[in-house]
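Take a look at the letters that make up each chain.
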Amino acid sequence: MKYKSTRGGVGGLTFTEAFLMGLATDGGLIVPDNIPIVDLDRLKDLNYKELAFEIFKLFIDDIDEGSIKDLIEKSYSTFDTEEITPVVRKNGVYILELFHGPTFAFKDVALQFLGNLFEYVLKERGTYVNVLGATSGDTGSAAIYGLKGRENINIFILHPHNKVSRIQKLQMTTVEDRNVYNIAIKGTFDDCQAIVKSIFGDVEFKDRYHLAAVNSINWARILAQIVYYFYAYLKTQVDELYFSVPTGNFGDIFAGYVAKRMGLPIKKLILATNSNDILYRFVNFGDYSKGEVVKTLSPSMDIQIASNFERYLYYLYDGDCEKVKVNMERFQKDGSLKFPLDVLKKVREDFDSFRVSEKDTLNTIKTFHDETGYIIDPHTACGVFAAKRSGYRNVVCLATAHPAKFPEAIYEAIGRYPEAPEAIKKLEGKKQRLKVLDNSVDEVKRFIEKSLAD
Ligand SMILES: *Cc1c(COP(=O)(O)O)cnc(C)c1O
C-alpha cells in the first residue's frame, strides 16, 4: 500500500514515510492509494488484537508481520480490559466503551499505538525526535502517556496555564518520566497553538532539534481507530448498524467512514456536535463556514475547523486532488465553503447530523442514568442524544471518555460525582512537574534548547 496527499503534490510514500511525514509537505493530508475491501467472514472469531492485526496488515506493508503483532500487543496491554473496547447494551442503544486506556479517553486507542510505532521506527532508522504539541487537555495527556519513557523521544506539550481541567492537568503533570516536558503558557489554547505553529515554521530550528508532531491528522491515528468499528460489528452481530459519533476534528468519525468503504455494513454515520456546529451545518445545509469557538460541557468538541475534513472532501470529490486543493485554498482565504444540493445528497447517503445543546447534554446524562444506572460523559451524551433523535434502531454510540474525567458536568446533571477509577484517584496529591512560561515563542524556544542541553 502506498500513500499520497489529498492535494496531489506528494505520492508513492510507504506507510512509514506517511507516518513520519504527518501533514503532507504540500499542505494536504495523507490518504492511502486505495481502500481495501475486507472479507468479513475471516474476521468473525477474532479478539481485538487479532482484529487489529488483520486491519493493519492491509495498510502496512513495510513493517514485518511479527513486528506489527508486537506493536499491537504492547499498545493494548496498557488497557484495563482484555476486550480493549467493550460493547454494552443499555437503554436501546449499544455503547462502545473507548475509555479503557491509560488516560480514560478514546485518543489512547490511537496514541498508545503511535507511541510504540514511533519508538520502533526511530530505532530502525537510528534517529531521534522531539515531539512538540499544544493541547486543550485530552490530546496532550493521551500523547504524553503514549510517549513517556520511550527511547529516542522527548515530548514537549504546551497547555494554557490554569485553563485545562483539574484532572487533565493532573494527568499531564504527574508523569515522572524525564522525557516529558509540560509547558504551561500564560495565555489561551489558541496562543499555545500559535507558538507551536510558529516554531514549526522556523525550519532551521525545527531541523536542528528534530521536531515532530503527533496531531490528529496523522494517518496512523485514523488507522488505529478503524479497528473498533469492526470490533463493534463483531460484538453486536447486527447486519445493519448505525454509529453515533461525538465529533470535533472529524478524525474519529472519518475512521468509521473508511470502515464503511472497506465493506463494514454501516447504514449511516450519525455526526453529533455541540454548539460548535460547523459540521452539523455542513451535513444539513452544505454550509461549511467557520464560527467563533464557544466553550461547552464537552470541551474536546469545541472546535470550529475540523482538521480531518479535507480527507473526507477528497473522497467526496472522488479523488480529484485539484478540486480538493482549490476548495481548501478558498476555505483558507474566506473561512467558508458552500456545497450545492447534488453534492449534499451524496454526503447524506453516509451521514446524518444533529447539534446538541448544553441543556440536552445534561438531560441526556440524567435520563440515561435514571433509566439504567449507567453514567455517560458529556461527549458521549451528545452522541446518545443524536442517536435517540435519529429514530434509528441498532445504533452504536461511541463512548469517547470516562465520566470521571468530567466530574463537574456529571455533578450538574445527576447531583453526585461519578466513581473515579483507581488510576485517577492515585493522581491526587502526586507531585506535579510543569514550567510556566510567558506567551512568547522565544521563551518556549529557549526552554526547549536548555532542556535538551541538560
Ligand atoms: C477528541 C475527542 C472527541 C472528538 O474526536 P474527533 O476525532 O476530534 O472528532 C470527542 N470526545 C472526546 C472525549 C475527545 O477527547
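To be clear, the structure that these remarks concern was listed above.
Remember, it's a predicted structure, so these values are computed and weren't measured experimentally. Residue positions within a chain follow its written sequence, with the count starting from 1. With pLDDT at 70 or above as the cut-off, local features in this predicted model cover only qualifying residues; side-chain atom pairs require 80 or more to be listed or tallied, and sums for whole chains, interfaces and linings still use all residues. Values reported for side chains reflect all heavy atoms of the structure, with hydrogen atoms and water molecules removed beforehand.

## Focus on the site of the ligand
Inference 1: If a single non-hydrogen atom of a residue is within 4 Å of a molecule or strand, that residue counts as near it. Lining the immediate surroundings of the ligand are 15 residues, of which Lys107, Asp138, Gly248, Asn249 and Thr400 lie closest.
Inference 2: With respect to the ligand, the side chain of Lys107 contributes an N or O atom lying 2.5 Å from an oxygen atom.
Inference 3: The term polar contact refers here to a pair of N or O atoms within 3.5 Å; inside protein, the definition further demands a hydrogen-donor-capable atom paired with an acceptor-capable atom, and it admits residues adjacent in sequence only when both atoms are side-chain atoms. Residue Gly248 places a main-chain N or O atom 2.8 Å away from an oxygen atom belonging to the ligand.
Inference 4: Note on areas: Shrake-Rupley with a 1.4 Å probe; residue coverage comes only from the protein chains shown. In the complex, the protein chains occlude 96% of the 390 Å² of accessible area that the ligand would expose alone.
Inference 5: Charged means Asp, Glu, Lys or Arg here, nonpolar means Ala, Val, Leu, Ile, Met, Phe, Trp, Tyr, Cys or Pro, and polar covers whatever is left, Gly included. Partitioned by chemical class, the residues of the shell around the ligand number five nonpolar, seven polar and three charged.

## Points about the pattern of salt bridges
Inference 1: Between Lys or Arg on one side and Asp or Glu on the other, a salt bridge is scored when a side-chain nitrogen of the former is within 4 Å of a carboxyl oxygen of the latter. Counted under the stated rule, the structure contains 24 salt bridges.
Inference 2: Taking the shortest distance from any N to any O, the salt bridge between Glu54 and Arg42 comes out at 3.0 Å. One end of the pair, Glu54, is in helix H3 (residues 48–59); the other, Arg42, is in helix H2 (residues 40–43), with twelve residues separating them in the sequence.
Inference 3: With a 1.4 Å probe rolled over the protein chains alone, any residue whose accessible area is under 20% of its type maximum counts as buried; one over 50% counts as exposed, and the rest are partly exposed. For Arg42, a relative accessible area of 52% translates into the label exposed.
Inference 4: Salt bridges linked by common partners bring Asp277, Arg281, Asp287, Lys338 and Arg355 together as one network. Only DSSP runs of H or I reaching four residues or more are called helices, and only runs of E reaching two or more are called strands; each is numbered from the N terminus.

## Concerning the sheet that holds strand S7 (residues 180–185)
In sheet architecture, strand pairing relies on hydrogen bonds along the backbone and comes in two forms, parallel and antiparallel.
Inference 1: Each pair of strands is called paired provided DSSP finds at least two bridges between the two strands. Taken together, the five strands give an open sheet; going across it, the order is S8-S5-S6-S7-S15, and neighbouring strands pair in parallel fashion. Each edge of the open sheet is held by one strand with a lone partner, namely strand S8 (211–212) and strand S15 (435–437).
Inference 2: Pairing of strand S6 (residues 153–160) with S7, which is carried by six bridges, proceeds in the parallel orientation. In the sheet register, Pro160 faces S7, and the bridge partner there is Ile185.
Inference 3: The strands touched by helix H6 (residues 138–147) within the sheet are strand S5 (129–134), S6 and S7, with S6 carrying the most contacts at an inclination of about 165 degrees. We call two residues contacting when some pair of their heavy atoms lies within 4.5 Å. Axis lines are fitted through C-alpha atoms, for helices just across the contact stretch, and the angle between N-to-C directions can take any value from 0 to 180 degrees.

## Points about helix H10 (residues 219–236)
Inference 1: Given a helix with a known number of residues, its expected span is that number minus one, times 1.5 Å. Over its 18 residues, H10 extends 27 Å from the first C-alpha to the last, a length consistent with the 26 Å expected when each residue adds 1.5 Å.
Inference 2: A large share of H10 lies buried, amounting to 17 of its 18 residues.
Inference 3: Sitting at the head of H10, Asn218 places a side-chain oxygen 3.0 Å from the backbone nitrogen of Ala220.
Inference 4: Residue Gln237 follows H10 closely and has a positive phi angle near 60 degrees.

## A closer look at the nonpolar core
Inference 1: Membership of the largest hydrophobic core comes to 114 residues, with the highest contact counts inside it found for Tyr229, Phe230 and Phe243.
Inference 2: Considering every element that reaches this core, the biggest residue donor is H10, with 14 residues.
Inference 3: Among all residues touching Phe243, those that are not within four sequence positions of it are Tyr229, Ala232, Leu264, Ile266, Lys268, Leu269, Ile270, Val395, Val396 and Leu398.
Inference 4: Side-chain atoms within 4.5 Å are what join buried Ala, Val, Leu, Ile, Met, Phe, Trp, Tyr and Cys residues into a set we call a nonpolar core. Phe99, Tyr242, Ala272 and Val356 belong to the second-largest nonpolar core, a separate cluster that totals 29 residues.

## Some thoughts on the packing of H3 against helix H4 (residues 65–76)
Inference 1: At a minimum axis separation of 10 Å, H3 and H4 run at an interaxial angle of 135 degrees. In terms of axis orientation, H3 runs oblique to H4. As for the relative orientation of H3 and H4, their crossing is right-handed in sense. Where H3 approaches H4, its residues Tyr48, Lys49, Ala52, Phe53, Phe56 and Lys57 are matched on the opposing element by Glu65, Ile68, Lys69, Ile72, Glu73 and Tyr76.
Inference 2: Its residues assigned to classes, the contact of H3 with H4 comprises seven nonpolar, no polar and five charged. Should an angle fall under 35 degrees it is taken as roughly parallel, and over 145 as roughly antiparallel, whereas 65 to 115 is taken as roughly perpendicular and any remaining angle as oblique. Here a crossing is called left-handed whenever its near helix is offset anticlockwise from the far helix by less than a right angle, and right-handed whenever the offset is clockwise.

## Describing the packing of aromatic side chains
For any pair of aromatic rings, the description rests on two quantities: the centre-to-centre distance and the angle between the ring planes.
Inference 1: Side-chain rings of Phe, Tyr and Trp (the six-membered ring for Trp) are treated as a pair once their centres are within 6.5 Å; stacked means planes under 30 degrees apart, edge-to-face means over 60, and tilted covers the remaining angles. In the structure shown here, the tally under the stated rule is 35 aromatic pairs.
Inference 2: Ring pairing ties together the aromatic residues Phe250, Phe254, Tyr257, Phe282, Tyr288, Phe309, Tyr312, Tyr314, Tyr315, Phe331, Phe339 and Phe351, which thus form one cluster.
Inference 3: Here, over-ring charges are defined by two tests on the NZ atom of lysine or the CZ atom of arginine: distance to the ring centre within 6 Å, and angle to the ring normal within 35 degrees. Its end group placed over the ring of Tyr94, Arg89 keeps NZ or CZ at 4.4 Å from the ring centre.

## Concerning helix H15 (residues 341–350)
Inference 1: Among the residues of H15, those classed as buried are Val343, Leu344, Val347 and Asp350. The arc that holds every buried residue of H15, seen down its axis, measures 110 degrees, which confines them to one face. Projecting away from the buried face of H15 at angles above 90 degrees are the exposed residues Leu341, Asp342, Lys345 and Glu349. Relevant arc is that of directions from the helix axis to the C-beta atoms, nothing else.

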